[in-house]
Structures are given as C-alpha cells and as structure tokens.
Amino acid sequence: MSAEQQGNGPAGLRKDAPPPGSDATRGGADPRPATPSWIRELDMALTVHPQVLLTGNVRDQYLLPDDHAAGSSPTLAPYSLGGVIESLCAARGYGALAFLDQVHERITLLRLSATVDQVPAVLREFAERDEKWRRGRDSQGTDGTDDEDEPEMLDRLRDAMVGVVHHPGPPIGLVVPYSGRLGSPQAPVAGEAARLFAAAEELGHTARPVQGASAVTPYNTVFWVVERQEELPREFAVGSRAVRVISVPQPPHDQRLAAARHVVGGLARYQAATGGPALTETETATAAKALADSSHGMGSSEVMAIGRMALDRNLPVQRLDEAARLYRIGVLDNPWATDELRERIATGEEFLNGKVIGQPYAVRRTLEIFMRSAAGLNGAQASSSPSRPRGTLFLSGPTGVGKTELAKGVAEMILGKDARPIRFDMSEFAEEHARDRLIGAPPGFVGHDAGGELTNAVRANPMSVLLFDEIDKANPRLFDLFLQILEDGRLTDGRGATVYFTECVLIFTSNLGITAAVMGEPPKGEAGTGDAGGSGGTSGTSGTGAAGSTGATEVAPRTNRRPLSRHDDPTVVRQSLREAFDAFFNDSIKRPELRNRFGDNFIPMDFMQEKWVPRILDKAIASVVGRVLEAHGAELTLADDAWEVLRVEATRRLDHGGRGVLTAVESALVNPLAKEVFRTPPRRGERLQVVAIEGDGDGEGYRLEVERWQG
C-alpha cells in the first residue's frame with residue numbers, strides 16, 4: 001500500500017500524535033494505566049541509540065490511551081508494535097518510516113511529515129516499485145515487475161538501511177519486524193545475509209544524530225524486532241553499544257485489568273443492546289477483575305480474544321473467567337464446576353477408602369484438598385497465581401500401602417470411571433538429560449521435533465491426573481520444572497510452545513523417611529534391632545529382620561536407634577515422614593522454595609496394620625474368583641480354614657504393606673490353584689471349593705485340597 005493510501009498509518013493516528021498514553025497529558029483522576037516502562041525506554045532510546053532491538057512480547061496488542069478520541073471520557077485503543085513505533089516517531093518529528101514486508105518481499109514507505117523530496121532516494125525508488133507492484137496485482141493478478149531485474153530482498157534491505165542511516169534529515173526510521181528470519185541462529189550466514197549484518201554493525205558505530213534546530217535530535221533509527229533474542233542470526237551484533245536491547249514484557253495485572261475493562265464494557269453494551277440485563281458498575285468491575293485474574297500470563301490481545309470467544313459462545317459477562325479457561329486449554333466442559341463432581345467429592349471418603357484400604361487419614365486429607373478446588377479456593381496462596389494446578393498432593397509412606405492406588409482413585413473420582421493417571425516413573429529420569437525427555441530437546445538437538453513426554457501428554461489431555469512416582473529419585477535439575485508448574489501452572493516446551501497445567505492434578509509419591517532412625521525402646525512385639533542391620537544395636541542380636549520376629553538374645557536399650565516400623569505410633573510415623581520431607585528439600589536438593597509450594601499438601605501414609613488384613617484379603621480373593629469365572633466359567637469359593645491360612649500368611653508378610661498381602665495370596669492360593677486348573681481344567685458351571693491350604697510357607701510347597709461338583 002502506498003504512503004498516501006496508508007493515511008495516518010497502522011494505528012490510525014494523527015501525524016502529530018504524542019507518544020501513546022503520555023503521562024504528561026493525564027489528569028490526576030485518570031483511571032487509565034500508566035504508560036508501560038518499555039515504551040518510555042523506547043522513546044528515550046530514539047535520541048541516544050541508532051539501532052533498537054525489541055524482544056519479548058512484540059506480537060501483542062497494547063491497550064493505550066486514545067488521546068484523540070471524541071468526548072471527554074478517557075478511552076483506550078489497541079496499538080500494534082508498529083503503531084507504537086509510529087506514534088513515538090511522529091511525536092519526535094520523524095519524517096517517514098519504512099517497513100520490511102517479508103510476505104511480499106517489499107519495503108513499504110509511510111510518510112509522517114516529510115515531503116517526497118525529503119525522503120531518501122532509495123526509499124522513493126522502493127515506493128515507486130511498490131506502487132507499480134500494487135497496480136499490477138490489482139489489475140492483472142501479477143506483481144507488475146520484472147523478476148529478473150528485481151534485486152534480492154536482503155540486498156534491498158541493505159540498500160534501504162544504508163540510505164536511511166546516511167540521510168541528513170528529517171529523521172527516518174526503518175522497521176524490520178521478523179529479524180530472526182533473516183538468517184540462522186545455528187549456522188553462520190553467508191552471501192547477502194553476511195553483507196547485511198556486517199553493514200548493520202558498521203552503520204551502528206558510524207551513525208550520527210540528525211542535524212536539526214532543537215538541542216536534542218534523534219538518530220535515523222533501525223528497529224529490529226524478534227520474539228526471542230536467541231532466534232537472531234549469529235552474526236547479529238547484539239552486544240554492540242550502538243544497539244539498545246529493549247524487552248517487551250507480558251502485561252502486568254493493571255494492564256490486563258485495563259484490557260478486561262475494555263472487553264467487559266463492549267460485552268455489556270452488546271448485552272444491553274440485545275435485550276439482556278444491564279450491568280451495574282459493581283458487576284462490571286467484578287467481571288473485569290475476574291477476567292484479569294484468570295488471564296494471568298496472557299497478553300492483551302489474548303484478553304480481547306477471550307471477549308470475542310465469550311460473544312461467540314454466548315457466555316454472559318459474569319462467566320468471562322470460564323471463557324478464559326476455554327481459551328487457555330480448549331476444553332469445553334469444566335468438571336470442577338459441575339454438581340456431579342461435588343457430589344463425588346462429598347461421598348468420596350467411602351469411595352476412596354474402598355480403593356485404598358487402611359489409609360483413612362490420607363483419604364480424609366486428600367478430600368479436603370479437592371473440596372478447596374471444587375469450591376474455587378486452591379489454598380491461601382491462590383491469589384498470587386490463579387493459573388496454578390487444580391490440586392497438588394505429595395504422598396509419602398512405606399512401600400505397598402496404597403500411594404499409587406490412591407492416585408488411581410483420585411483420577412477415577414475426578415475424571416470418571418475409566419480414567420487413569422498419567423504415570424511417570426521418576427527413577428527413569430535420574431540422568432542429566434532427563435529434562436529433555438519431559439519437555440523436549442532444544443532446537444538443533446536430536447529429537448527436537450518430537451516434543452517432551454510430559455508436555456505432549458498434557459497438550460493431548462489438558463485435564464489429567466499426573467502421577468510422578470518416586471520423585472526423590474529424579475535428577476535435581478527436574479525440580480526447577482516442577483517449581484514453574486506449581487507456581488505458574490505452565491511450561492514452555494523445547495519448541496517454544498506453552499503448555500498449561502491449570503486443569504491438572506499433580507500427585508508426587510515417595511518413601512522418604514521410612515528408613516529414618518527414631519529414638520526409643522523397641523516397639524511392642526519387636527526385639528533387638530530388627531532389620532536395622534545393627535545400627536545402634538547390641539552384640540549378640542539375631543533374627544530374621546522382619547518386624548515382630550523372634551530369636552533375639554538381648555533386649556535393645558531404650559536409647560536404641562531403629563528404622564520406622566508398623567508397630568510405631570502413627571503420630572510418630574507422620575512426624576518422622578514430615579521431617580524427612582523437609583530435610584530432602586532443604587538439605588539434599590536445596591530447594592526450600594519448592595517445599596513451600598507444596599504447602600500443606602504433604603500427606604503422610606500410615607504403615608499397614610493387622611486389622612486391615614481381612615478387607616485386603618477379601619478384595620484379593622474376589623479378584624481371583626472373578627478371573628476363574630471369566631476364564632473358565634467356574635465358581636470358586638474358599639472354606640473358612642483355607643481363608644484363615646491365607647490370613648496368617650498375609651499377616652506374616654505385612655511389613656511389605658498391602659503388597660505383602662497380595663504376595664501371600666499369589667504364593668499360597670494362585671500358584672497352586674493354577675497347577676490344579678492346568679492339570680484338570682474345570683468345566684463350565686462347575687463349582688470348586690478350596691477346603692484346605694497346606695504348605696511350609698516357602699512359596700513352593702503350598703498344596704490345595706479342592707472339592708469339585710457340577711452346579
């Protein structure tokens with residue numbers, strides 16, 4: 001488009017526009033946000049640096065005061081980065097701006113105040129070519145130029161840059177919007193690209209401010225724009241003193257709040273115009289604040305896009321936070337807002353206790369956390385970042401007590417009957433490169449295009465229960481990732497894409513502290529040092545090492561140090577687990593800030609007690625009975641004597657938790673039953689009763705006495 005057709009430029013500003021949102025133009029009661037600091041820095045850089053590199057949030061829209069809007073009430077208007085640059089340059093008296101258009105490989109010219117003869121000759125030539133190209137495209141569908149006579153784009157850019165920098169005045173600006181596409185950040189550039197960056201570096205050091213009537217005049221400025229500084233070609237002189245590097249941050253809360261007010265105001269007017277209820281000032285302010293809070297980590301353009309999405313989905317102003325969630329993760333249904341989930345959580349104690357036997361304390365603590373999530377109150381720290389995951393649990397306890405089963409029960413309670421947690425065995429992530437497995441390799445490394453296991457899983461299932469098993473075995477570098485997830489609810493993968501964990505539940509498991517030594521006399525039913533291996537014990541102690549074993553010839557003193565066991569008081573066990581948890585994060589990996597992010601979500605799980613053996617045993621036997629019925633169509637039952645043998649054997653192995661009970665059933669029932677069924681397969685409809693179980697307990701000598709009859 002020609003300069004004449006562009007008129008007042010990309011932002012529609014008058015040529016004499018002051019810097020957007022200039023604080024000097026405001027009254028003391030003006031509710032508009034202060035001009036962002038990076039805009040003020042950019043304005044200052046025009047007089048002291050010949051080149052400016054803008055990085056970061058450069059593709060956003062910036063909601064700034066529209067000082068030329070009709071009426072006396074303050075209004076805001078969205079500006080692109082080009083509009084911000086144009087407005088600042090116009091206020092500084094720039095004559096024109098040239099923009100590199102990489103889509104059509106053109107350099108377009110926007111005149112601000114200069115006449116045609118006050119523009120560098122090379123830019124006039126480009127403007128004429130651009131006009132010729134436009135006319136040819138509009139009339140014939142071609143570019144209207146002779147491609148053989150057209151110089152390469154990089155050559156044109158170099159010529160334009162030389163012409164701009166050497167121009168005597170009025171000052172001219174050259175904007176290169178996608179500077180990272182001019183070369184490779186991984187390999188040296190050559191040819192035209194090498195000549196371009198060599199010329200840019202030299203021109204930066206030889207440029208001088210434009211001569212003018214005022215005491216302080218700007219340079220002919222080259223504006224480089226790139227989202228991430230590491231995307232720049234290696235030859236770019238980013239360390240040069242002639243280049244001012246300005247980072248454009250994500251909008252803070254006050255700017256998101258201004259964008260939210262802009263959105264809410266438009267939606268409220270539309271709602272009133274279409275027959276909806278009119279909103280009070282209090283309702284409008286509440287809706288704007290909710291949108292600003294729920295858009296944490298987003299840009300202003302995304303906040304305004306949420307407004308369009310709400311309009312498209314017919315969501316009222318009061319539900320803009322739901323539109324923000326929909327925009328963030330793309331999930332239409334929010335189970336946390338349903339009565340069904342609230343009912344499942346309300347009755348969850350019975351459900352989870354049926355899944356995880358022997359852990360009423362852990363189940364109760366778990367449900368308290370999810371009641372907070374369903375109520376929208378994710379702890380006292382929720383206000384600092386509303387994008388945090390819906391729930392976080394750190395389950396610590398002995399092996400075999402149901403940590404993984406509790407995670408499975410949580411997934412089923414929240415997501416439905418067939419849901420399962422996405423499990424990561426953190427013992428597989430102990431190496432230095434484990435970070436790349438989770439979030440993807442950085443650009444230039446093998447596997448970069450594949451992404452990471454964690455980020456891919458959450459991107460595919462934004463509402464997930466993530467289980468990080470044996471977290472203490474992970475490489476310490478991974479804990480930086482978890483800190484970011486727990487604080488901000490998001491991660492950036494190796495490809496630069498953001499993955500949100502806002503709707504996820506994170507469950508970490510560990511057996512930290514189980515081997516921690518405690519002071520005191522041996523627990524009731526236990527003698528000597530047990531399986532402590534003589535730690536603090538006395539000579540002459542012997543035994544099998546199992547809790548409750550006999551054979552010790554000497555009673556340990558009251559000050560003996562020994563590992564935790566199932567005979568310890570649950571309060572002592574929980575306190576020891578908590579101390580080990582604190583010591584791990586404070587001393588072992590030196591991440592106390594991560595420990596603080598878990599807060600009160602640390603849940604100790606108790607040792608399995610003998611009173612829970614019958615329930616676990618019946619559940620395991622029912623599973624065996626179901627498999628026999630499914631595989632052979634036969635009905636299996638156990639006589640009381642056989643059941644009692646299993647109970648005794650399961651109790652003997654209880655130091656291994658619920659898994660010990662399952663092992664007892666496997667050894668004393670399943671293995672000999674498999675031999676019986678293999679030798680004489682049951683007929684469909686036949687009944688089998690295990691009358692007795694005999695054996696020496698070594699896992700090999702168990703024999704079954706089975707009675708059969710046709711039902």
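Thresholds applied
- Residues numbered from 1 in each chain as written.
- Predicted model: local features only at pLDDT ≥ 70, side-chain atom pairs only at ≥ 80, totals over all residues.
- Heavy atoms only, no water.
- Helix = DSSP H or I, 4+ residues; strand = E, 2+ residues; numbered from the N terminus.
- Buried < 20%, exposed > 50% of the residue type's maximum accessible area, 1.4 Å probe, protein only.
- Contact = heavy atoms within 4.5 Å.
- Areas by Shrake-Rupley, 256 points an atom, 1.4 Å probe, with all protein chains shown as cover.
- Core = buried A, V, L, I, M, F, W, Y, C linked by side-chain atoms within 4.5 Å.
- Axes fitted to C-alpha atoms, helices over the stretch in contact; angles between N-to-C directions.
- Parallel < 35°, antiparallel > 145°, perpendicular 65-115°, else oblique.
- Left-handed = near helix turned anticlockwise from the far one by under 90°.
- 1 Å grid on protein atoms, 1.4 Å probe; cavity = no way out; pocket = protein on both sides within 12 Å on 5 of 7 lines; lining within 4 Å.
- Points joined across faces, edges and corners; volume = space filled by probe spheres on them.
- Nonpolar A, V, L, I, M, F, W, Y, C, P; charged D, E, K, R; others polar.
- Pairing = 2+ DSSP bridges.
- Salt bridge = Lys/Arg side-chain N within 4 Å of Asp/Glu carboxyl O.
- Phe/Tyr/Trp six-rings, centres within 6.5 Å; stacked < 30°, edge-to-face > 60°.
- Lys NZ or Arg CZ within 6 Å of the ring centre and 35° of its normal.

If you had to explain the overall build of the chain to someone new, which residues and values would you point to?
Helices and strands together make up the secondary structure of the chain, namely 22 helices and 20 strands. Residues counted as buried form 49% of the 711 residues belonging to the chain. Contacts in the chain between residues at least 24 apart in sequence constitute 73% of all its contacts with a sequence separation of at least 6. Carbon and sulfur atoms make up 50% of the accessible area of the chain, which totals about 33,400 Å².

Describe in detail the nonpolar core, supporting the description with residues and values.
In this structure, Met-426, Leu-454, Phe-468 and Phe-482 are the most contacted members of the largest nonpolar core, which totals 40 residues. Of all the secondary structure elements, the ones that give two or more residues to this core are helix H15 (434–439), helix H16 (453–460), strand S11 (465–469), helix H17 (478–488), strand S14 (505–510), helix H18 (570–588) and helix H19 (592–598). At 7 residues, H17 tops the list of elements feeding residues into this core. Residues Ala-96, Val-122, Leu-196 and Ala-199 belong to the second largest nonpolar core, which totals 37 residues.

Describe the packing of helix H7 (residues 253–273) against helix H9 (residues 300–312), listing the residues and the values that go with them.
Closest axis-to-axis distance for the H7/H9 pair is 9 Å, and the angle between their directions is 20°. The angle between H7 and H9 places the two elements in the roughly parallel class. At the point where H7 passes H9, the crossing takes the right-handed sense. Here Arg-256, Ala-259, Ala-260, His-262, Val-263, Leu-267 and Tyr-270 of H7 come into contact with H9, specifically with Ser-300, Val-303, Met-304, Gly-307, Ala-310 and Leu-311.

Quick rundown of empty space enclosed by the protein? Include the residues and the values.
Within this structure, the stated rule accounts for 4 cavities of 30 Å³ or more. Volume-wise, the largest cavity comes out at about 70 Å³. Taken together, Gln-51, Phe-197, Ala-200, Glu-201, Gly-204, Trp-224, Glu-235, Phe-236, Ala-237 and Val-243 make up the lining of the largest cavity. Looking at the lining of the largest cavity, the element that brings in the most residues is helix H6 (residues 192–206), giving 4 residues. In the lining of the largest cavity, the residues fall into 6 nonpolar, 2 polar and 2 charged.

Go over the pairing of strand S7 (residues 221–225), please, and point to the residues and values.
Taken across its 5 residues, S7 has 5 buried, putting it largely inside the fold. Of the strand pairs in this sheet, strand S1 (residues 51–56) and S7 are connected by 4 bridges, and their pairing is parallel. Its bridge partner being in S7, Leu-54 is matched across the sheet by Val-225.

Run through the sheet that holds strand S19 (residues 686–694), naming residues and quoting values.
Strand order across the open sheet formed by 3 strands is S18-S19-S20, with mixed pairing between neighbours. In this open sheet, the two edge strands, each paired with only one partner strand, are strand S18 (635–638) and strand S20 (703–710). If you compare each strand with its neighbour and ignore which way they point, the axes differ by 25° on average. Where S18 lies against S19, 4 bridges are found, and the strand directions are parallel. In the sheet register, Leu-638 faces S19, and the bridge partner there is Val-690.

Tell me what's going on with the environment of Thr-217, and back it up with residues and numbers.
With respect to the element layout, Thr-217 can be found in the loop between H6 and S7. Relative accessible area serves as the criterion here: at 15%, Thr-217 is assigned to the buried category.

Which residues make up H17, and what values do they have?
For H17, the buried fraction is high: 8 of the 11 residues fall into the buried class. Considered for burial, the residues of H17 that qualify are Leu-478, Phe-479, Leu-481, Phe-482, Leu-483, Ile-485, Leu-486 and Glu-487. One or two positions beyond H17, positive phi appears at Gly-489, with a value near 70°.

Which residues make up the pattern of salt bridges, and what are the values?
Applying the stated criterion across every chain, the model contains 35 salt bridges. Across the pair Asp-606 and Arg-574 runs a salt bridge, and its minimum N-O distance is 2.9 Å. Residue Asp-606 is located in the loop between strand S17 (602–604) and helix H20 (613–632), and its partner Arg-574 is located in helix H18; the two are separated by 32 residues in the primary sequence. In the salt-bridge network here, residues are joined through shared partners; they are Glu-676, Arg-679, Glu-686 and Arg-708.

Run through the sheet that holds S11, naming residues and quoting values.
Two strands in a sheet stick together by hydrogen bonds in their backbones, pointing the same way (parallel) or opposite ways (antiparallel). Strands sit in the order S10-S11-S14-S9-S17 across an open sheet of 5 strands; the sheet is parallel. Of all strands in the sheet, those bounded by a partner on one side alone are strand S10 (422–425) and S17. The average undirected angle you get between the axes of adjacent strands in this sheet is 20°. In terms of strand pairing, strand S9 (residues 391–396) meets S17 through 3 bridges, oriented parallel. Bridging across to S17, Phe-394 finds its partner in Phe-602. Lying on the sheet, helix H13 (residues 360–374) is in contact with S9, S14 and S17; it crosses S17 at an angle near 160°.

Go over the packing of aromatic side chains, please, and point to the residues and values.
On inspection of all chains with the given rule, the structure shows 22 aromatic pairs. Ring centres 6.0 Å apart and planes at 75° place the aromatic pair Phe-394 and Phe-585 in the edge-to-face group. You can see Phe-394 sitting in strand S9 and its partner Phe-585 sitting in helix H18, a full 191 residues away along the chain. Grouping residues by exposure puts Phe-394 and Phe-585 together as buried. Ring pairs connect the aromatic residues Phe-394, Phe-424, Phe-468, Phe-479, Phe-482, Phe-508, Phe-581, Phe-584, Phe-585, Phe-598 and Phe-602, which therefore count as one cluster. For Arg-59, the ring lying beneath its charged end belongs to Tyr-178, and the centroid distance is 4.0 Å. Against the face of Tyr-361 rests Arg-574, its NZ or CZ located 3.8 Å from the ring centre.

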